[in-house]
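# Notes for the structure review
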Amino acid sequence: MAEASLAGHLEAHEPETTTGLNHRKVLMWIFLGSECLFFGSLISTYLIYRNRSLVGPFPQDTFDIPYTSVSSFVLLMSSLTMVLALAAAHRRNLAQMRLWLLTTALLGTVFIGGQVYEFTSFVNHGLSLSKNLFGTTFFVLTGFHGAHVTVGVIIMLSLVFNSWRGGIKEGETLGIEIAGLYWHFVDVVWIVIFTVVYLLPY
Amino acid sequence: MATAEHTTATSHPKHRRFGGIWSWVFTVDHKRIGILYLVTAIFFFLVGGLEALLVRSQLAFPGGTVVGPDTFNELFTMHATTMVFLSLMPMSVSFFNIVVPLQIGARDVAFPRLNAFSYWVYLFGALLLNSSYLFGGAPNAGWFGYANLTELPFNNATHGIDFWVLGLQVLGVSSMAGAFNFLVTIVNCRAPGMTFMRMPLFTWMTLVTSFLLVFAFPVLTVGLIELMFDRFFGTNFFNPAAGADPILWQHLFWLFGHPEVYILILPAMGIVSDVLPTFSRKPLFGYPVVAYSGVAIGFMAWGVWVHHMFTAGLGPVADAVFSLTTMLIAVPTGIKIFNWIGTIWGGTLNMKTPLYFALGFIAMFTIGGLSGVMLASPPADWLEADTYFVVAHLHYVLFGGTIYGLFAGIYYWFPKVTGRMLDETFGLIHFWLMTIGFNLTFAPMHVLGMDGMPRRIYTYPTGMGWDLWNLVATIGAFTIGASILVFVYNAMSSVRFGKRAGADPWDGRTLEWMIPSPPPDYNFVQIPYVHGREPLWLEKHPETGLGHGHPVPVPIAGGAPELGEYANGGPTADDLGIHLPDPSYYPFIAALGLALTFAGLLIGKAPPPSWMSVVGLLCLFYGVYGWIFEPVTGY
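Residues numbered from 1 in each chain as written. Chains lettered and ligands numbered in written order. Predicted model: local features only at pLDDT ≥ 70, side-chain atom pairs only at ≥ 80, totals over all residues.

Secondary structure assignment for chain A yields seven helices and zero strands. For chain A, the N- to C-terminal ordering of α and β elements is α-α-α-α-α-α-α. Counting only C-alpha atoms, chain A reaches 75 × 35 × 25 Å along its principal axes. Taken over 202 residues, chain A has a buried fraction of 32%. Long-range contacts, defined here as pairs at least 24 residues apart, represent 82% of the contacts in chain A between residues at least 6 apart. (Helix = DSSP H or I, 4+ residues; strand = E, 2+ residues; numbered from the N terminus. Buried ≥ 20, exposed ≤ 12 C-beta atoms within 10 Å, placed from the backbone. Contact = placed C-beta atoms within 7 Å.)

Residues and elements named next belong to chain B. By size, the foremost hydrophobic cluster in this structure holds 235 residues, and its most contacted members are Val 121, Val 170, Val 272, Ala 358, Phe 361, Ala 408 and Ala 595. Element by element, the count of residues in this core is highest for helix α7 (residues 201–233), at 21 residues. Looking at this core, you find at least three residues from each of domain 1 (2–8 + 30–581) and domain 2 (582–635). In this structure, Phe 361 is in contact with Ala 268, Val 272, Gly 401, Tyr 404, Gly 405 and Ala 408, ignoring residues within four places of it in sequence. (Core = buried A, V, L, I, M, F, W, Y, C linked by C-beta atoms within 7 Å. Domains from an automatic or database assignment.)

Okay, the interface of chain B and chain A next. Listed as interface residues are 33 residues of chain B and, on the opposing side, 32 residues of chain A. Ranked by residues supplied to the side of chain B that touches chain A, first place goes to α7(B) with nine residues. In terms of residue class, the side of chain B that touches chain A is made up of 22 nonpolar, nine polar and two charged. (Nonpolar A, V, L, I, M, F, W, Y, C, P; charged D, E, K, R; others polar.)

Residue and element names in this part refer to chain B. Residue placement: Pro 583 occurs in the loop between α17 (573–576) and α18 (586–603). With 16 residues separating them in the primary sequence, Pro 583 and Ala 599 have C-alpha atoms 27 Å apart. Beyond its immediate stretch of four places on either side in the chain, Pro 583 contacts Arg 16, Phe 18, Ser 23, Phe 26, Thr 27 and Val 28.

Following A:Gly56, the chain continues to A:Pro57 via a peptide bond in cis, the omega torsion being 0°. As for its placement among the helices and strands, A:Pro57 is situated in the loop between α2 (23–48) and α3 (59–62). The phi dihedral of B:Arg281 is positive, around 55°, even though this residue is not glycine. Here B:Arg281 is to be found in the loop between α8 (247–280) and α9 (287–300).

Residues and elements named next belong to chain B. Taking 1.5 Å of rise per residue, the 34 residues of α8 would be expected to cover 50 Å, and the 48 Å separating its terminal C-alpha atoms lies within 8% of that figure. Counting buried positions along α8 gives 31 out of 34 residues, so the element sits mostly inside the fold. In the stretch just after α8, Arg 281 is the one whose phi turns positive, near 55°. (Expected span 1.5 Å × (residues − 1).)

Helix length check: helix α6 (residues 160–188) of chain B, at 29 residues, gives a terminal C-alpha distance of 42 Å against a target of 42 Å (1.5 Å per residue), a fit within 8%. For α6(B), the tally of buried residues reaches 28 of 29 residues, placing the bulk of the element in the interior.

Have a look at this one:
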């Protein structure tokens with residue numbers, strides 16, 4: 001009886017939940033559900049206004065598909081490094097975990113840097129937020145996606161910093177896993193955006 | 001168990017404590033947060049009511065001169081925005097907060113600090129929106145803000161629309177944070193044995209409403225972002241000169257807007273579904289059907305939005321399809337009404353105020369539903385749209401429906417929250433005065449609409465045949481106002497001097513009536529095991545063989561003081577070895593930071609962000625990081 005109570009006390013930090021899933025994990029999944037509607041609305045706006053700009057620059061003259069393919073690959077690889085980080089956390093190798101988390105953050109930053117360069121060149125070719133429907137819908141959609149990637153990079157760096165301070169105990173993988181869910185979601189959204197905005201023929 | 005208790009008690013970490021008003025500002029207790037929501041929502045109900053009385057004063061006589069046309073536009077815009085976002089929704093959330101954890105046998109919601117954050121963001125968003133009155137003028141383009149009337153070329157005399165766009169985004173964060181919290185709570189924090197089909201109906205409707213909130217608000221947010229970008233950064237989302245289509249706004253808004261009205265009505269339906277069984281002394285008729293109908297309404301809510309756009313010129317195919325789906329959604333709604341009637345039928349009715357409001361709900365909401373079916377037919381709608389017929393419909397469902405349901409909830413759960421009964425005589429005066437006033441106000445509007453009176457006009461000429469019913473409606477509106485005064489008096493005096501209520505003044509059937517009134521901060525001494533639907537009823541009736549032998553309070557109809565272990569304060573959480581979350585100031589700081597970030601956009605468009613936005617962002621980061629890394633005492 002006493003052991004059961006003691007076990008109950010040790011589990012006080014991880015309360016029993018009805019489904020057996022951790023509260024924060026369920027929260028992240030629900031949050032990602034709402035983000036589906038958020039990006040869905042922005043992507044729908046883009047699709048509704050596709051091919052309806054009255055003046056140029058037009059997408060077919062502006063996009064550099066090979067360039068964006070490379071940066072998409074970079075983001076995709078960052079999901080791989082995220083998985084490796086989680087695996088390292090499961091193996092209780094915090095140093096490796098930090099390494100892969102930093103790599104994920106670095107790849108994410110490279111992606112953002114690539115977008116900054118790409119958008120600057122678009123602007124230099126005359127495309128702006130207010131120029132036409134393409135500029136409006138493209139920059140707002142990809143801009144919000146980029147903001148989400150940036151938040152993700154901040155999360156990765158926070159996890160690394162917290163781990164250095166000893167804030168992540170060995171075997172505690174929940175935080176990494178939840179950050180991973182967010183990161184993979186942002187990556188999947190980019191796959192959709194890349195396909196719908198860049199790859200579909202105009 | 002006793003051994004572990006003593007071990008825990010002596011090795012217990014120090015608690016964070018705040019005194020006085022700070023204990024309210026930094027609270028993370030769902031019951032206190034619920035009270036904060038309720039008081040604030042009732043305050044804004046009065047604000048919205050005042051705006052309505054000004055509208056009705058202006059329209060009492062033809063050629064009215066109470067307010068001018070611009071002020072009139074602001075008044076009807078703010079009346080609706082205030083009522084929907086600042087009063088009705090938060091009042092529902094106040095009940096989610098106070099009641100749902102008790103009904104599912106939990107000690108608090110899944111994320112107590114996120115709960116506090118939701119409240120403070122709501123308050124700051126409400127203040128941001130209303131501050132528009134002080135800074136040049138309130139929003140004036142209706143609560144639905146159609147583009148491109150809301151675009152800069154057509155709406156730049158004041159910054160009202162900017163306040164609207166920013167204020168609603170802030171409020172959206174609050175609603176979504178709350179919805180996330182209640183979803184995880186209901187999915188993950190139920191007492192052992194409480195399957196979904198054993199949950200009280202109010203908790204069921206909270207679940208469905210939370211799903212609607214989570215999926216509908218992002219669509220509104222995107223619409224608001226697009227409008228904000230048009231006004232602040234010169235984008236072309238709703239600019240026809242660039243080839244854009246303002247109809248996009250309508251689609252985005254109503255894709256949100258229709259689920260929104262179900263967000264408004266489902267909690268009230270949940271309250272009615274809990275009140276009727278208690279006061280009919282019978283179980284809810286057709287419980288599974290009522291639950292599934294709520295879920296069906298939640299799904300079907302997404303397929304009807306174009307019925308708000310029948311007159312937008314989308315063509316006969318679109319109109320026909322959405323007419324069909326709209327009529328279909330009346331089916332699960334009607335099913336609920338028949339089940340409620342089935343609940344009352346053959347029951348031994350305890351005619352108290354909560355039951356009066358629940359019965360009033362059924363009658364008034366049904367009338368609203370009938371006018372709704374009339375609006376579901378596009379040929380009819382083409383004559384009725386943008387007339388007072390729609391105003392009549394929406395008020396019968398939102399006032400006769402939601403508000404009556406919420407008042408039923410207030411009278412029902414007031415004893416649980418405060419430990420005192422609301423005065424029954426004043427309750428009935430409130431009910432009858434409100435019912436007479438409400439019907440005097442809105443029934444004539446069906447006629448006014450049929451006689452061609454358009455909406456949103458600040459005055460009308462005499463000789464249209466509208467004079468009499470407008471005057472009657474205004475008299476009705478002031479009668480409603482009087483009934484609200486009766487309620488406010490009742491509430492304020494009963495909190496101090498009301499008859500004491502025991503744990504179970506209504507002979508209740510669900511878990512919240514098992515614990516003292518007001519509840520201790522830990523809610524349950526021991527989390528109950530749930531054996532079936534209406535678990536308290538099963539405990540009270542051991543002959544069913546399904547009770548667990550939990551001690552139950554004696555139902556006290558007259559509200560006599562409860563004796564026993566809680567007479568002298570009762571055990572504290574520490575005495576019982578129960579870990580409760582400590583209060584925290586980070587949710588408050590984060591909420592303040594969020595509001596300042598948005599408000600800062602009003603004093604200087606980014607880039608670069610204004611000083612207010614920078615301060616806001618720093619505050620937000622400090623609040624969020626502090627929250628994440630807060631030392632875990634008491635959690």
